[in-house]
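Summary of structural features
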Amino acid sequence: MLPGCAAKSRVTASGETRQSDSVFVREAIRDTVVTVPADSSMVRALLECDSSGQIRVREVEEYRSGTRLPPPRLKIRDNVVTASAEIDSMNIYLALKDRYQATTKAEREVVIKTVEVNRLTRWQTLWMRFGQVLTAAVVAVGGYVIVKLVKRK
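Residues numbered from 1 in each chain as written. Predicted model: local features only at pLDDT ≥ 70, side-chain atom pairs only at ≥ 80, totals over all residues. Heavy atoms only, no water.

1. Some thoughts on the overall build of the protein chain
Formally: By the criteria applied, helices consist of DSSP H or I runs no shorter than four residues and strands consist of E runs no shorter than two, each listed in order from the N terminus. Whether two residues touch is decided by their heavy atoms; if any such pair falls within 4.5 Å, the residues are in contact. Method for areas: the Shrake-Rupley scheme with a 1.4 Å probe, in which residue coverage is limited to the protein chains shown.
Helices and strands together make up the secondary structure of the protein chain, namely one helix and eight strands. Seen in sequence order, the protein chain has helices and strands lined up from the N terminus as β-β-β-β-β-β-β-β-α. Once local pairs closer than 6 in sequence are excluded, the contacts in the protein chain between residues at least 24 apart make up 64%. For the protein chain, the accessible area works out to roughly 14,000 Å², and carbon and sulfur atoms hold 55% of it.

2. Some remarks on the pattern of salt bridges
Two side chains bearing opposite charge may form a pair once their charged atoms approach each other closely. Counted only if it meets this: The term salt bridge refers to a side-chain nitrogen of Lys or Arg lying within 4 Å of a carboxyl oxygen of Asp or Glu. Burial here depends on accessible area, computed with a 1.4 Å probe over protein chains only, as a share of the maximum for the residue type. Under 20% is buried, over 50% is exposed, and the range in between is partly exposed.
Counted under the stated rule, the structure contains nine salt bridges. Note that Lys-97 and Glu-27 form a salt bridge whose closest N and O atoms lie 3.9 Å from each other. With Lys-97 in strand E7 (residues 95–110) and Glu-27 in strand E2 (residues 16–31), this residue pair connects regions lying 70 residues apart in the sequence. Under the relative-accessibility criterion, Lys-97 is labelled exposed at 54%. With relative accessibility at 41%, the residue Glu-27 sits in the partly exposed group. In this structure, Arg-73 engages Glu-86 in a salt bridge whose closest nitrogen and oxygen atoms are separated by 3.7 Å. You can see Arg-73 sitting in strand E5 (residues 73–77) and its partner Glu-86 sitting in the loop between strand E6 (80–84) and E7, a full 13 residues away along the chain. With relative accessibility at 59%, the residue Glu-86 sits in the exposed group. Counted as one network, the salt bridges with shared partners bring together Arg-44, Glu-61, Glu-62 and Arg-64.

3. Some thoughts on a nonpolar patch on the surface
Where we set the bar: For patch building, the residue pool is restricted to those with more than 30% relative accessible area and no salt bridge; the joining distance is 9 Å between like charges and 5 Å between nonpolar side chains (Val, Leu, Ile, Met, Phe, Trp, Tyr).
A surface patch of nonpolar side chains, amounting to about 580 Å² of accessible area, comprises Leu-47, Val-57, Val-60, Tyr-63, Leu-74, Ile-76 and Val-81. Listing elements by their share of the nonpolar patch, those giving two or more residues are strand E4 (55–64) and E5. Considering each element in turn, the nonpolar patch owes the most residues, three residues, to E4. Secondary-structure assignment places Val-57 in strand E4.

4. Quick notes on the packing of aromatic side chains
To keep things clear, this is the line we draw: Within 6.5 Å between ring centres, the rings of Phe, Tyr and Trp (the latter by its six-membered ring) count as paired, and their orientation is classed by plane angle as stacked under 30 degrees, edge-to-face over 60, tilted in between.
Applying the stated criterion to the full structure yields two aromatic pairs. Taken together, a centroid distance of 5.6 Å and an interplanar angle of 90° make the contact between Trp-127 and Phe-130 edge-to-face. Taken together, the residues span about one helical turn, with Trp-127 and Phe-130 both in helix H1 (residues 122–152) at a distance of three residues. Members of the aromatic cluster, connected to one another through ring pairs, are Trp-123, Trp-127 and Phe-130.

5. Quick word on the pairing of E6
It is a general feature of regular strands that their side chains alternate between the two faces of the sheet. To be explicit about the condition: DSSP bridges decide pairing: two strands pair if at least two such bridges lie between them.
Summarising the sheet, E5 and E6 pair through five bridges and their orientation is antiparallel. In the sheet register, Leu-74 faces E6, and the bridge partner there is Ala-83.

6. Focus: the confidence of the model for the protein chain
Put simply, the test is: pLDDT is defined as a per-residue confidence score from the predictor, taking values between 0 and 100.
Across the protein chain, pLDDT averages 81, with 89% of residues at or above 70. Looking across the protein chain, the model is least confident in strand E1 (residues 9–11), with a mean pLDDT of 55, and most confident in H1, with 94.

Here you go:
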């Protein structure tokens, strides 16, 4: 019964460390222009007129193709020279995706303090001490009476 009358109750806990990680990912999509360098091809030829007045190619001196463009084709029709060259169309569609990643670490230390709960007032402490002294006196008198009875027999 006496240990139950403790004057102070305490709440205690140890300190903890809490750690939290967070990752933020941001994506940005942007369009890009791809520049294709200029390209050319060339034909150099000597033309002559025959006796009927028609133009014909006498000699092809030089021809050169480009990186994407073949050398031009020459057509002579009705004394008109036509040079033509064809190239496939170039469709370049680019959408670039940039990805930015940021990692943050947060570490928090939680400290829990000892808090006294149910603190007794002075009046309560006085009555508790008075009860302890009275209980000790009753035990002492009871022990004295028991010892006297045992000695009579």
